[in-house]
Every structure is written in C-alpha cells, then in structure tokens.
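The lines below spell out each chain.
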Amino acid sequence: MPKGPVVLTVSGKIERTNSNGTALFDMEMLEALGRASFATRSEVSEVPQLFEGVPLRALLDRIGVQGNSLRASALNDYAAVIPLGDLRFEPILATKVDGRVLTIRDKGPLWIAYPRDSYKVLQDAKYDYRWVWQLNKLHVE
C-alpha cells in the first residue's frame, strides 16, 4: 500500500492489485521498480532533454498486465491509447527532465516519454499523442 500521496492508479486487466481491484502507487513505490533514462527531443522541445524515470515495462510486469493496450489519462482529462507493442521502444514514466523533478506545473509528476531520437518511426504525430503528461491513471484494456 502507498505510504505517500497516490500519484498513479492502474485498473483493468491486471493480476496484482492493492486496493479494490486497482493498483495504487506513490512515488516511492514507483521508483522502487527501477530507473531508466535517455536524452531525446520531444514535440515541445527542439533540443534534446534528459528524461529520467521508471521503465513502463517494469510497472506493467509488476502488476501482471493481461491486456493489449493502455488507456493513459492525465489530470486534465486528456487520454491516449497506447498499444502494448510500444514497449519495444522502452518508454518511461518520467519523473525528472534535465535533473529537475517534474511538478504538476511542468508536466508532472509523471510524463510518459519515448526515446524519440532513437527510432525514426517515433518522430510521427501518432506517437507524439502518446506522450501523456500529468499522467495519473492507466487502464489496461
């Protein structure tokens, strides 16, 4: 169970839960899953930035995902569907950009980020829509 404020709620087709059929995570629980980083440009930055955070794959492995896609929702109610096939790109739940902890004001506390500069295919608007900032919910479909 989370000891701090819940920053992410995961629901849907998952094997492991900790609260009424959902998996709740505070920042400490997420960071315990491992760390990853990469430098890349994004739709909102023409220069590479260093994204640091939790591998999305580690989170999904932890909860035992049984679906084919994720519906990622943000604090502002934006939502995007992310096929689980995107895991081949090793996206992360970024908690820091250029060494700064992300706050709600600057796209945090969680921002789904892809290593855009590492794969030409990711330099397409259909992937840019999957960079969900202010992420607070994942629903496995």
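One can find the structure itself at the top, above this paragraph.
Residues numbered from 1 in each chain as written. Predicted model: local features only at pLDDT ≥ 70, side-chain atom pairs only at ≥ 80, totals over all residues. Heavy atoms only, no water.

## Side note on the pairing of strand β6 (residues 79-83)
Thinking step 1. Here β6 shows a clear split, with Ala80 and Ile82 buried on one side and none of Ala79, Val81 and Pro83 buried on the other.
Thinking step 2. Sheet analysis places strand β5 (residues 69-74) next to β6, joined by five bridges and oriented antiparallel. Note that in β6 the partner of serine 69 across the bridge is proline 83.
Thinking step 3. What sits between the antiparallel neighbours β5 and β6 is a turn of four residues, in which aspartate 77 has the positive phi angle 75°. (Buried < 20%, exposed > 50% of the residue type's maximum accessible area, 1.4 Å probe, protein only. Helix = DSSP H or I, 4+ residues; strand = E, 2+ residues; numbered from the N terminus. Pairing = 2+ DSSP bridges.)

## Looking at unusual backbone geometry
Thinking step 1. Following glycine 108, the chain continues into proline 109 via a peptide bond in cis, with omega recorded as 5°.
Thinking step 2. Backbone geometry places aspartate 77, a non-glycine residue, at a positive phi of 75°.
Thinking step 3. The class for aspartate 77 is exposed, based on a relative accessible area of 70%.
Thinking step 4. A positive phi angle is found at lysine 107, which is not glycine, with a value near 80°.
Thinking step 5. For lysine 107, the position within the fold is in the loop between β8 (100-101) and β9 (111-113).

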